[in-house]
Amino acid sequence: MSSPHCFQNPPTINPSSSTGTSGLVTEIGGLSAYVTGAANSKRAALLISDVFGYEAPNLRKLADKIAAAGYLTVVPDFFFGDPIVKWGDPNFDVGAWLSKHGTDKGFEDARSVIADLRNKGVSSVGAAGFCWGGNVVAKLAKLDDIQAGVILHPGPLTVDDINAIKVPVSILGAEIDHSSPPELLKQFGEILSAKPGIDSFVKIFPGVAHGWSVKYSLEDESAVRSAEEAQADLLNWFLKHVK
């Protein structure tokens, strides 16, 4: 999670763009969260943000899109009001921030959110994570807390992480990515495809860089197309495995 790619192209956050279009912010599992979709749905989607946090407009638009497919969709604030907003400030200590907001803590918080969802009647949960969040999903996929996971342009993962996966997982990567280069993701795909009884899918998107699925400009038609393709793959994976 130390590649400069992780911190490039931060989203623009403002009150009108960060509220989403159809959801609301409430508390779930002890975390504030953007929640959208039918409250009585038995299927839930947990979206785990990158280091820029749960208010990113493109992430909330994606949440609304998944909710429209029938999922109660939850985007928690895993950083408790402290996302990275000062990248590039010479006084900002990224190492200290990462120590405070490690993926192990994110994993435990995600389990609390999932437990709360199940207490509310949800029977099937899919989790998708972006960069930092992708690493959290990799941890969740080692257990039976979720029915399926989607890992998008993750921070550095290891072969051991992939060997431990126990649920259907899709990995969506970028052609230009120092954190998770295509060669490594292809190796992950070979490991996953050899696992009996566990469905997997690995796809490398050409011509895009780390973070493309949520860190895109609406004015860039090519970037929007690539992001929408990745988001469609994410949703199709949930439709296949989170029923």
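Quick notes on the rules
Along each chain, the written sequence defines residue order, and numbers are assigned to residues from 1. Since the coordinates come from a predicted model, pLDDT governs what is reported: local features require at least 70, and pairs of side-chain atoms require 80 or more to be given and counted, while whole-chain, interface and lining totals use all residues. Values reported for side chains reflect all heavy atoms of the structure, with hydrogen atoms and water molecules removed beforehand. The numbering of helices and of strands both runs from the N terminus, where a helix is a DSSP run of H or I of at least 4 residues and a strand a run of E of at least 2. For a compact globule the rule gives 2.2 Å times the number of residues to the power 0.38, and the radius of gyration it is set against comes from C-alpha atoms. With a 1.4 Å probe rolled over the protein chains alone, any residue whose accessible area is under 20% of its type maximum counts as buried; one over 50% counts as exposed, and the rest are partly exposed. By definition in these notes, contact holds between two residues if any of their heavy atoms fall within 4.5 Å. Per-residue and other accessible areas follow the Shrake-Rupley method at a 1.4 Å probe size, with only the shown protein chains counted as cover for residues. Charge assignment: positive for Lys and Arg, negative for Asp and Glu; neither His nor the chain ends contribute. Charge coordinates come from a single atom per side chain, which is NZ of Lys, CZ of Arg, CG of Asp or CD of Glu. Nonpolar cores were defined as sets of buried Ala, Val, Leu, Ile, Met, Phe, Trp, Tyr and Cys residues, with membership established by side-chain atoms within 4.5 Å. The term salt bridge refers to a pairing of a side-chain nitrogen on Lys or Arg with a carboxyl oxygen on Asp or Glu at a separation within 4 Å. Paired strands are those between which DSSP finds at least two bridges. The handedness of a crossover follows from its direction of travel: if, with the strands pointing away from the viewer, the path from the first strand over the helix to the second runs clockwise, the crossover is right-handed.

Colleague: Whenever I open this one, the overall build of the chain confuses me. Can you help?
Modeller: A count of helical and extended segments in the chain gives seven helices and eight strands. In terms of C-alpha radius of gyration, the chain reaches 16 Å, essentially the compact-globule figure of 18 Å for 243 residues. Taking all 243 residues of the chain together, the buried fraction comes to 53%. Long-range pairs, those at least 24 residues apart, make up 70% of the contacts in the chain between residues at least 6 apart in sequence. Of the roughly 10,400 Å² that the chain leaves accessible, carbon and sulfur atoms contribute 52%. Here the chain holds 21 positive side-chain charges and 27 negative ones, and the gap between their average locations is 6 Å.

Colleague: Is there a simple way to think about the nonpolar core in this case?
Modeller: Inside soluble globular proteins, nonpolar side chains tend to come together where they are buried. In terms of nonpolar packing, the biggest core is built from 41 residues, with Leu46, Ile48, Leu117, Leu140, Ile162 and Ile171 touching the most fellow members. Broken down by secondary-structure element, the contributors of at least two residues to this core are strand 2 (31-36), strand 3 (43-48), strand 4 (72-76), helix 3 (103-119), strand 5 (124-130), helix 4 (132-140), strand 7 (169-176) and helix 6 (182-193). What leucine 46 contacts, discounting residues up to four positions off in sequence, is Val74, Pro76, Ala110, Val113, Ile114, Gly126, Ala127, Ala128 and Leu140. Judged by nonpolar contacts, the second largest core, of 28 residues, contains Tyr34, Leu47, Val208 and Val214.

Colleague: Honestly, the side chain of serine 170 in this entry has me stumped. Any pointers?
Modeller: With respect to the element layout, serine 170 can be found in strand 7. The class of serine 170 is buried, set by a relative accessible area of 1%. Non-local contacts of serine 170, meaning those with residues more than four positions away in its chain, are made with Gly149, Val150, Ile151, Phe201 and Trp237.

Colleague: I keep staring at the pattern of salt bridges and nothing clicks. Help me out?
Modeller: Two side chains that carry opposite charge are able to pair once their charged atoms sit near each other. Summed over all chains, the structure comprises nine salt bridges. Note that lysine 142 and aspartate 161 form a salt bridge whose closest N and O atoms lie 3.1 Å from each other. With lysine 142 in the loop between helix 4 and strand 6 (148-152) and aspartate 161 in helix 5 (residues 159-163), this pair connects stretches of sequence that are 19 residues apart. We note a salt bridge from lysine 203 to glutamate 229, for which the minimum N-O separation is 2.7 Å. Highlighted residues: lysine 203 in strand 8 (residues 200-209) and glutamate 229 in helix 7 (residues 221-241), separated in sequence by 26 residues.

Colleague: Help me out: how do you make sense of the pairing of strand 4 in this one?
Modeller: If a strand is regular, its side chains alternate between the two faces of the sheet. Burial analysis of strand 4 places five of its five residues in the buried class, the great majority of the element. On strand 4, burial covers both faces: Leu72, Val74 and Pro76 on one face and Thr73 and Val75 on the other are all buried. As defined by bridge partners, strand 2 adjoins strand 4 across four bridges and the pair is classed as antiparallel. Within strand 4, the residue paired with valine 35 across the bridge is valine 74. After leaving strand 3, the chain enters helix 1 (residues 57-68) and then returns to the sheet as strand 4, a path that is right-handed.

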